[in-house]
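Inside the fold
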Amino acid sequence: MIQPIDHTAGILRDRLDALIARETRRFAQSRPKTKAALAEGSAYFLGGVPMHWMKDWPQPFPLLVAKAEGARLTDVDGYGVDDFCLGDTGSMFGHSPAPVAKAIRHQARRGLTYMLPTEDALEAGRLLTERFGVFRWQIATTATDANRFALRVARAVTGRPKVLVFNGCYHGTVDETMVELLHGTTVARPGLVGQVADLGLTAVAVEFNDTAAVEAALATGEIAAILTEPVMTNCAMVLPEAGFHDALRTLSRRHGALLILDETHTISSGLGGYTKVHSLSPDIFVAGKCVAGGMPTAVWGLTPALADRFAAYDETRPAGHSGMGTTLSANPMQFACLRATLAEVMTAEAYAHMEEGAARLAHGLTAVIDRVEAPWHVVRVGARVEFVCAPGPLKNGAEAMAAHHPDVERALHLALLNRGCLIAPFHNMMLVSPATRKRQIDRLIGAFDEILSDLFA
């Protein structure tokens, strides 16, 4: 009898089902303390977890973390886990880097928030410019907020209503980015909670790497800004084709739109992010997650020329709320951690270690895929590595979304976790931090080899 084969990943369905059942059972049986603690305490939360996506991990119930240090977690059942998720980039430089932990202790004795700047803030501004380029900076708590505020500036100075985004993009939970391209039309993504407004009124989605579509959208004269990651990272990593970023810059200037680069994930590319490594020139630069070593912080900056345009607009607008800013943003704890991270953690030496480790990981995963002859590929952007359960390279968001196979990915993630390796829950992303050791990388490659050897035997 011919066995059914998963058309995306090339795996026999019964073999995949057997792996899922075996690994689910193994996880549940190995963590009695976690299971008991969740049974007693989770009912106080909506859906049983403090944040709904904590249910999106592949295991039958969440891990309960007892502590994290460097690139390793320990759960309440005492299991040590090599952490390649690293808080989905929030802890890309490792858990509690020593300079950041020291800064937290020092600042905690001097107050947590008081809505006024500090000397750390002044030094952080200098360091941000040194690391990322000449921008006029503002501080937010999340990259979602930073992107939202950047779009307000873009609309204010251009007088235009719409933002151009790429199908499959990731920019936090900004409304205008919660869209997809369906049969050539920009529509809200399925599954949005409580969505009532037509997002097509404020956003235009086109495919990444499609220069002609970008130019057609800009030619309408409605686009205030292009908002993009330098590399698509959340629907599976999609690299820009040669000349694509040059085209974005040229076309945006030609048609009077701003270019916003969101480096929240691509800060993994190297010191200064993809923008500095590849000499890009956005009008607005955004970064979040790891810029303050794990303390919730995001930054957004305007070029001096754009800052002048916004200042002229700001002088003429009526008095009242700007719609930008939150009370706890730019608090002294953020600045203490931001300063420590930029000066002592986010260094050329750290990135060199991360690059070397990520190259080792990508090479090892590729060797396994080649050996078992899986129709998969591996892609790397600096310290960020991803295996994709489909042939590659991928060109755009549509191809990336078609390359996903949720059952296969969940099985792999769970099986890796049972072998002591944690990767990001939403896709097959892995990060190498300055604290990640070669033996941890080799353990992940070994676990990946064991799992694929079973699936493709």
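Keep in mind that this is a model prediction, so the values were computed, not measured. (Residues numbered from 1 in each chain as written. Predicted model: local features only at pLDDT ≥ 70, side-chain atom pairs only at ≥ 80, totals over all residues. Heavy atoms only, no water.)

To continue, consider the overall build of the chain. Within the chain one finds 14 helices and 16 strands. Here the C-alpha radius of gyration of the chain, 22 Å, is about what a compact globule of 457 residues would show, namely 23 Å. Along the first, second and third principal axes, the C-alpha set of the chain runs to 70 × 55 × 45 Å. Summed over all atoms, the accessible surface of the chain reaches about 20,000 Å², with 56% contributed by carbon and sulfur. Looking at charge distribution, the chain has the averaged site of its 43 positive side-chain charges lying 5 Å from that of its 48 negative ones. (Helix = DSSP H or I, 4+ residues; strand = E, 2+ residues; numbered from the N terminus. Rg over C-alpha atoms; globule rule 2.2 N^0.38 Å. Areas by Shrake-Rupley, 256 points an atom, 1.4 Å probe, with all protein chains shown as cover. Lys, Arg positive; Asp, Glu negative; His and termini not counted. Charge placed at Lys NZ, Arg CZ, Asp CG, Glu CD.)

Quick look at the pattern of salt bridges now. Within this structure, the stated rule accounts for 26 salt bridges. With a shortest N-O distance of 3.1 Å, Glu-23 and Arg-419 are connected by a salt bridge. Within this pair, whereas Glu-23 is found in helix α1 (residues 13-30), its partner Arg-419 is found in the loop between α13 (406-418) and β15 (421-422), the two being separated by 396 residues in sequence. According to the relative accessible area criterion, Glu-23 is buried, its value standing at 1%. Between Arg-443 and Asp-82 there is a salt bridge, and its shortest N-O distance comes to 2.8 Å. With a gap of 361 residues between them, Arg-443 in helix α14 (residues 438-455) and Asp-82 in strand β3 (residues 80-83) connect regions that are remote in the sequence. Judged by its relative accessible area of 38%, Arg-443 is partly exposed. (Salt bridge = Lys/Arg side-chain N within 4 Å of Asp/Glu carboxyl O. Buried < 20%, exposed > 50% of the residue type's maximum accessible area, 1.4 Å probe, protein only.)

Take the packing of aromatic side chains next. If you walk through the whole model with that rule in mind, you get 16 aromatic pairs. Ring geometry for Phe-27 and Phe-61: centres 5.1 Å apart, planes at 55°, overall tilted. With a gap of 34 residues between them, Phe-27 in helix α1 and Phe-61 in the loop between α2 (32-41) and β1 (65-69) connect regions that are remote in the sequence. Each member of the pair, Phe-27 as well as Phe-61, is classed as buried. Plain terms: the ring middles of Phe-166 and Phe-244 are 5.7 Å apart, the flat faces sit at 65° to each other, and that makes the pair edge-to-face. (Phe/Tyr/Trp six-rings, centres within 6.5 Å; stacked < 30°, edge-to-face > 60°.)

A few words on the sheet that holds β15. Spatially, β1-β2-β3-β15 is the arrangement adopted by the 4 strands of the open sheet, whose pairing is mixed. Strands with a single pairing partner mark the edges of an open sheet, and in this sheet they are β1 and β15. Direction of pairing for β3 relative to β15: parallel, over a ladder of 2 bridges. Pairing of Asp-82 across the sheet is with Cys-421, part of β15. (Pairing = 2+ DSSP bridges.)

Spatially, β4-β12-β11-β10-β9-β5-β8 is the arrangement adopted by the 7 strands of the open sheet, whose pairing is mixed. Two strands close off the open sheet at either side, each with one partner strand: β4 (136-140) and β8 (203-206). Strand after strand, the sheet turns through a mean of 20° between neighbouring axes, direction not considered. Note: strand β5 (residues 162-166) against β8, 4 bridges, orientation parallel. Each bridged residue has a counterpart across the sheet, and for Val-163 the counterpart in β8 is Ala-203. Contacts from helix α5 (residues 143-158) reach β4, β5, β9 (223-228), β10 (258-262), β11 (284-287) and β12 (298-302), with the element oriented near 20° to β12. (Axes fitted to C-alpha atoms, helices over the stretch in contact; angles between N-to-C directions. Contact = heavy atoms within 4.5 Å.)

With that settled, the discussion passes to the packing of α5 against helix α9 (residues 304-316). Two numbers describe how α5 lies on α9: the axes approach to 9 Å, and their chain directions differ by 70°. By the criterion of interaxial angle, the relationship of α5 to α9 is roughly perpendicular. Contacts between α5 and α9 pair Val-153, Ala-156, Val-157 and Thr-158 from the former with Leu-306, Arg-309, Phe-310 and Tyr-313 from the latter. Tallied by class, residues from the contact of α5 with α9 come to 6 nonpolar, 1 polar and 1 charged. (Parallel < 35°, antiparallel > 145°, perpendicular 65-115°, else oblique. Nonpolar A, V, L, I, M, F, W, Y, C, P; charged D, E, K, R; others polar.)

Ranked by size, the top nonpolar core spans 63 residues in total, and within it Phe-166 and Val-214 carry the most contacts. Those residues in contact with Val-214 that lie beyond four places of it in its chain are Leu-164, Phe-166, Val-206, Ile-226, Leu-248 and Leu-251. (Core = buried A, V, L, I, M, F, W, Y, C linked by side-chain atoms within 4.5 Å.)

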